[in-house]
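# Architecture at a glance
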Amino acid sequence: MKIVTYNVNGIRARLPRFLEYIEEQKPDVLCLQELKCADESFPAAEVAATGYKAIFHGQKGFNGVAILTRDGEPVLRRMGLPGDPDDTHSRYIEAEVGDLVIASLYLPNGNPVGTEKFAYKLAWMERLREHALALLAEERPVVLAGDWNVVPTDEDVFSPKAMAHDALLQPETRAAYRTILHQGWTDAIRARHPEGAIYTFWDYTAGCWQRDAGFRIDHLLLSPSAADRFLDAGVDKEYRGREKASDHAPTWVTLEG
DNA sequence: ATGACATTTGCAAAATGA
């Protein structure tokens, strides 16, 4: 089965791209981020017409996450991470999909470094660390899919020097990501492509797409029993070059079963 | 770089992104 994470940068602005992606790739599970719409503005009728079933956690203007399934339907487990009842951002949704647990997450960007936005990013990652540990304790196949807003290593960005001051590359950001990984998760893209650059995001500005100045920030983390079923992983890069594309490309893993 | 470009809100220009 093909499980995809796709930061759409506005579900309504991206509707033609989103619908053609479903039509062409027919993913079993599609995790979306940056819906940028309130729940009442979610294009439910257009999604229903595809035959996919969706659960979503929207927010007016920014954020917003969803999980869509081709067969059956996602059964909601939680919206929002535990650990901060005052957090109003719609950045996490988790569901049962068949025998899998699947999360669609949109980790805070955190720029600029040294502000409360960066502190919020690190605090959110600490809450994710705790929740990820609880998920592992269930000893089930789990996929943590999303826009992590983390460049794990210098190999994962076109210019570590140019981006050295960015929140996505900070040592604290990378340490927090590694701490989660080392709980026992498998980074599916790196497992399949152990060497070299493989990007999932290209900024709209400065001709970044045209000169392949990208970042690897969309990740699919597999629990041990999900990793046992690992088949393949990749980036549907071609979609980034289409008309009115998102600045992210769909990023995927295939699992047995 | 208070930058580039894109999206949303709301109807101008600010917020957000990475």
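Preceding block: the structure.
What comes next is a walk through the structure. (Residues numbered from 1 in each chain as written. Chains lettered and ligands numbered in written order. Predicted model: local features only at pLDDT ≥ 70, side-chain atom pairs only at ≥ 80, totals over all residues. Heavy atoms only, no water.)

## Focus on the overall build of chain A
- Assigned secondary structure in chain A consists of 6 helices and 14 strands.
- For chain A, whose C-alpha radius of gyration is 17 Å, the value lies close to the compact-globule estimate of 18 Å for 257 residues.
- Residues counted as buried form 55% of the 257 residues belonging to chain A.
- Residue pairs in contact within chain A that sit at least 24 positions apart in sequence constitute 70% of those at least 6 positions apart.
- A total accessible area of about 10,700 Å² is found for chain A, and carbon and sulfur atoms account for 52% of it.
- In chain A, the 29 positive side-chain charges and the 39 negative ones have mean positions that sit 4 Å from each other. (Helix = DSSP H or I, 4+ residues; strand = E, 2+ residues; numbered from the N terminus. Rg over C-alpha atoms; globule rule 2.2 N^0.38 Å. Buried < 20%, exposed > 50% of the residue type's maximum accessible area, 1.4 Å probe, protein only. Contact = heavy atoms within 4.5 Å. Areas by Shrake-Rupley, 256 points an atom, 1.4 Å probe, with all protein chains shown as cover. Lys, Arg positive; Asp, Glu negative; His and termini not counted. Charge placed at Lys NZ, Arg CZ, Asp CG, Glu CD.)

## Overview of the packing of aromatic side chains
- Tallied over the full model, the rule gives 8 aromatic pairs.
- For the pair F42 and F56, a centre-to-centre distance of 3.8 Å together with 15° between the ring planes defines the contact as stacked. One end of the pair, F42, is in the loop between β2 (29–33) and α2 (44–50); the other, F56, is in strand β3 (residues 53–57), with 14 residues separating them in the sequence.
- Judged by its relative accessible area of 21%, F56 falls in the partly exposed class. (Phe/Tyr/Trp six-rings, centres within 6.5 Å; stacked < 30°, edge-to-face > 60°.)

## With respect to the sheet that holds β2
- Strand order in this open sheet of 6 strands is β3-β4-β2-β1-β14-β13, and the pairing throughout is mixed. Two strands bound the open sheet, and with one partner strand each, they are β3 and β13 (230–235). Taking each pair of neighbouring strands and ignoring which way they run, the sheet shows an average axis angle of 15°.
- Relative to strand β14 (residues 251–255), β13 runs antiparallel, the two sharing 5 bridges. Paired with A233 across the strands is V253, a residue of β14. (Pairing = 2+ DSSP bridges. Axes fitted to C-alpha atoms, helices over the stretch in contact; angles between N-to-C directions.)

## Structural notes on helix α1 (residues 15–25)
- Taken as a whole, α1 has its buried residues at L15, R17, F18, E20, Y21 and I22.
- Elements that come into contact with the buried residues of α1 comprise β1 (2–7), β2, α2 and β4 (65–69).
- Positive phi appears at K26, one or two residues downstream of α1, with a value of about 45°.

## A closer look at the sheet that holds strand β9 (residues 186–187)
- Reading across from one edge, β5-β6-β7-β8-β12-β9 is the order of the 6 strands in this open sheet, with mixed pairing throughout. Unpaired on one side and paired on the other, β5 (75–79) and β9 mark the two borders of the sheet.
- Bridging between β5 and strand β6 (residues 92–97) involves 4 bridges; their strand directions are antiparallel. Directly across from R78, in β6, lies its bridge partner E94.

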